[in-house]
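# A structural walkthrough
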Amino acid sequence: MIQGMTTPANLTSHLGVPLGRPLRIAVAGAGGRGSRYADLAAGSAEIVAVAEPRAHHRTAFTDRHASVAVYENWQDMLAAGRLADAVIIATQDADHVAAATAFAAAGYDILLEKPMATDPADCARIVAAVERAGVTMAVCHVLRYTPYTRALKSLLDNGRIGELVAVQHREPVGFWHFAHSFVRGNWRRTDESTFLLLSKSCHDLDWLSHVIGRPAARVSSFGSLTHFRPSAAPAGATDRCVTCPVEPDCAYSAPRIYRAGLAESTPERYFTEIVAPTMAPADLDTALRDGPYGRCVYACDNDVVDHQVVNVEYEGGATASFTLSAFTPMESRHTALFGTKGEIRGNGRWLHVYDFHTQQTESIDTTPTATSPSDTHDGGDEGLITAFVNALIQGDPTLILSGATESLASHRIVFAAEQARLTGSVVEIPG
């Protein structure tokens, strides 16, 4: 423990019972996602403890949450006794199963960053631990909580386009976002993190399950790593952007991307804060010269795919096709939904509803005040935190749309899709 606090005596599991006082939250992992969730929760709950092994991330966190107890790892925080009602677990993916099962056993309600775990057996272990302990868990499938999704789900449930027959869904990761996270960053290697579909797009396959509202039956998938490898490097490229003579003409230039993030309110800001310990230009220059995020995208040790397609058949015959691509602008998802009485096309904010009978289109602006999708997932981050905090304060777990059982089911689709990609087969989804 780095700095301490007294363990409150009145922290008990309150599943189904209103809390009657402010919610207390601990945070395990103060990187980009853990810090984002804590900042959002601080408006309606008390952030009381943080565990983070990286000193500059701890400092950045305590600059915003000054009164928290601080630990170097989640194990020390857990060993300190029951510090909070709930814990946000946003550690590295491979650590989720140990942390989630331990905090569940200690009686903490849990907000677990996606993916739940990196193999299906560990996902099932987490669910079993949560059920055994009788605690509440929400997985951070933030797309379920956006105003856009709620509006779309209402249209479908009310039969606006009749029976849903097929869905086309595309996740445009964004070329420089992909380079940051999946070529230079923490999710670049399957053996150190997990495969791309799980680390990035378990969101989307979960969202499709939520929107379609039927169990998945079988899946096929194709994809590969085609571009971010040495054979694609331009002539004359070096292994770091700051020494590269062709850097000015490269779309994936690290200096161009991260220096743009030094400015406030830019899409790149969130990523630059991950790269450098401070927003001082000199600190960023040092990080680009010496750190992993200054490497040439064609000279990294990445192995995850840079594009993938997934086809899912659901019970009753409805189908969905999903495309994940690195080679896009930074923008929201695009979806087309085809029903027996009409069609809906959406982009994360606008829904365009075409009626076969009237041959008219209604356009619905679902989030007129939404900010950058890279910052808030079209309002999903706020929606998730509001639902989680209110569920625990009110003692009403039904406010949580991404609970343990629902998330386990959608994770099984993801694991089956990767099996299908690796084997070139159609894989049945376990019930």
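Notes on the structure follow. All of these numbers come straight from a predicted model, not from anything done at the bench.

## Brief notes about helix H4 (residues 96–105)
Counting buried positions along H4 yields seven of 10 residues, so the element is predominantly enclosed. As for H4, its buried residues are in contact with helix H3 (74–79), strand S4 (86–89), strand S5 (109–112) and helix H5 (120–133). Remark: glycine 107 follows H4 within two positions and exhibits a positive phi of approximately 95°.

## Things to note about the sheet that holds strand S1 (residues 23–28)
Strands sit in the order S3-S2-S1-S4-S5-S6 across an open sheet of six strands; the sheet is parallel. Each of the sheet's edge strands pairs with one partner strand only, and the pair in question is strand S3 (69–71) and strand S6 (137–139). Neighbour-to-neighbour, the strand axes of the sheet open up by a mean angle of 20°, direction not taken into account. Strand direction decides the pairing type here: strand S2 (residues 45–51) and S3, joined by three bridges, are parallel. For valine 50, the partnering residue across the bridge sits in S3 and is valine 70. Helix-sheet contacts for helix H2 (residues 55–64) involve S1, S2 and S3, and the interaxial angle to S3 is about 170°. Strands S1, S4, S5 and S6 of the sheet are contacted by helix H14 (residues 380–394), whose axis makes an angle of about 175° with S5.

## Regarding the state of the cysteines
Applying the stated criterion across every chain, the model contains zero disulfides. Cysteine cysteine 202 is unpaired, with the sulfur of cysteine 123 as its nearest cysteine sulfur at 8.9 Å. Classification of cysteine 202 by relative accessible area gives buried; the value is 1%.

## Section: the packing of H4 against H5
It is at 8 Å that the axes of H4 and H5 come closest, and there the two elements cross at 10°. Here H4 lies roughly parallel to H5, going by the angle between them. Here His96, Val97, Ala100, Thr101, Ala104 and Ala105 of H4 come into contact with H5, specifically with Asp122, Arg125, Ile126, Ala129, Val130 and Ala133.

## What about the packing of H5 against helix H15 (residues 404–423)?
Two elements in contact, H5 and H15, have axes whose closest approach is 10 Å; the angle formed by their N-to-C orientations is 175°. In this view, H5 runs roughly antiparallel relative to H15, as classed from their interaxial angle. Residues Pro120, Cys123, Ala124, Val127 and Glu131 of H5 touch H15, and the partners they reach there are Ala404, Thr405, Leu408, His411 and Phe415. A class-by-class count of the residues in the contact of H5 with H15 yields seven nonpolar, two polar and one charged.

## Examining the pattern of salt bridges
All told, the structure shown has 29 salt bridges when counted by the stated rule. Between glutamate 46 and arginine 24 there is a salt bridge, with the nearest N and O atoms lying 3.8 Å from each other. Here arginine 24 lies in strand S1 and glutamate 46 lies in strand S2, a separation of 22 residues in the sequence. The partner of arginine 144 in a salt bridge is aspartate 206, and the shortest N-O contact between them spans 2.7 Å. Here aspartate 206 lies in helix H9 (residues 202–212) and arginine 144 lies in the loop between S6 and helix H6 (147–157), a separation of 62 residues in the sequence. Taking relative accessible area as the criterion, arginine 144 reaches 6% and is therefore assigned buried. Members of the salt-bridge network, linked through shared partners, are Arg33, Arg36, Glu113, Asp381 and Glu382.

## Here's the deal with the packing of aromatic side chains
With the rule as written, the count across this model stands at 12 aromatic pairs. On the basis of an interplanar angle of 25° and a centroid distance of 5.5 Å, the ring pair of phenylalanine 178 and phenylalanine 228 is categorised as stacked. Taken as a pair, phenylalanine 178 in helix H7 (residues 175–183) and phenylalanine 228 in the loop between strand S8 (216–224) and helix H10 (254–260) lie far apart in primary sequence, 50 residues in all. According to the relative accessible area criterion, phenylalanine 228 is buried, its value standing at 1%. On the numbers, 5.2 Å between centres and 85° between planes, the contact of tyrosine 270 with phenylalanine 271 is edge-to-face. Neither residue differs from the other here; tyrosine 270 and phenylalanine 271 are each classed as buried. Chaining the aromatic ring pairs together yields one cluster made of Phe175, Phe178, Phe182, Phe228, Tyr252 and Phe327. Sitting above the plane of the tyrosine 108 ring, arginine 82 keeps its charged end 4.9 Å from the centroid.

## Quick notes on the pairing of strand S14 (residues 361–365)
Pairing geometry for strand S13 (residues 350–355) and S14, over five bridges, is antiparallel. If you follow valine 353 over to S14, its bridge partner there is glutamate 362. In sequence, S13 turns back onto S14 through a hairpin of five residues, with glutamine 359 there showing a positive phi of about 55°.

About the thresholds
Residues numbered from 1 in each chain as written. Predicted model: local features only at pLDDT ≥ 70, side-chain atom pairs only at ≥ 80, totals over all residues. Heavy atoms only, no water. Buried < 20%, exposed > 50% of the residue type's maximum accessible area, 1.4 Å probe, protein only. Helix = DSSP H or I, 4+ residues; strand = E, 2+ residues; numbered from the N terminus. Contact = heavy atoms within 4.5 Å. Pairing = 2+ DSSP bridges. Axes fitted to C-alpha atoms, helices over the stretch in contact; angles between N-to-C directions. Disulfide = S-S within 2.5 Å. Parallel < 35°, antiparallel > 145°, perpendicular 65-115°, else oblique. Nonpolar A, V, L, I, M, F, W, Y, C, P; charged D, E, K, R; others polar. Salt bridge = Lys/Arg side-chain N within 4 Å of Asp/Glu carboxyl O. Phe/Tyr/Trp six-rings, centres within 6.5 Å; stacked < 30°, edge-to-face > 60°. Lys NZ or Arg CZ within 6 Å of the ring centre and 35° of its normal.

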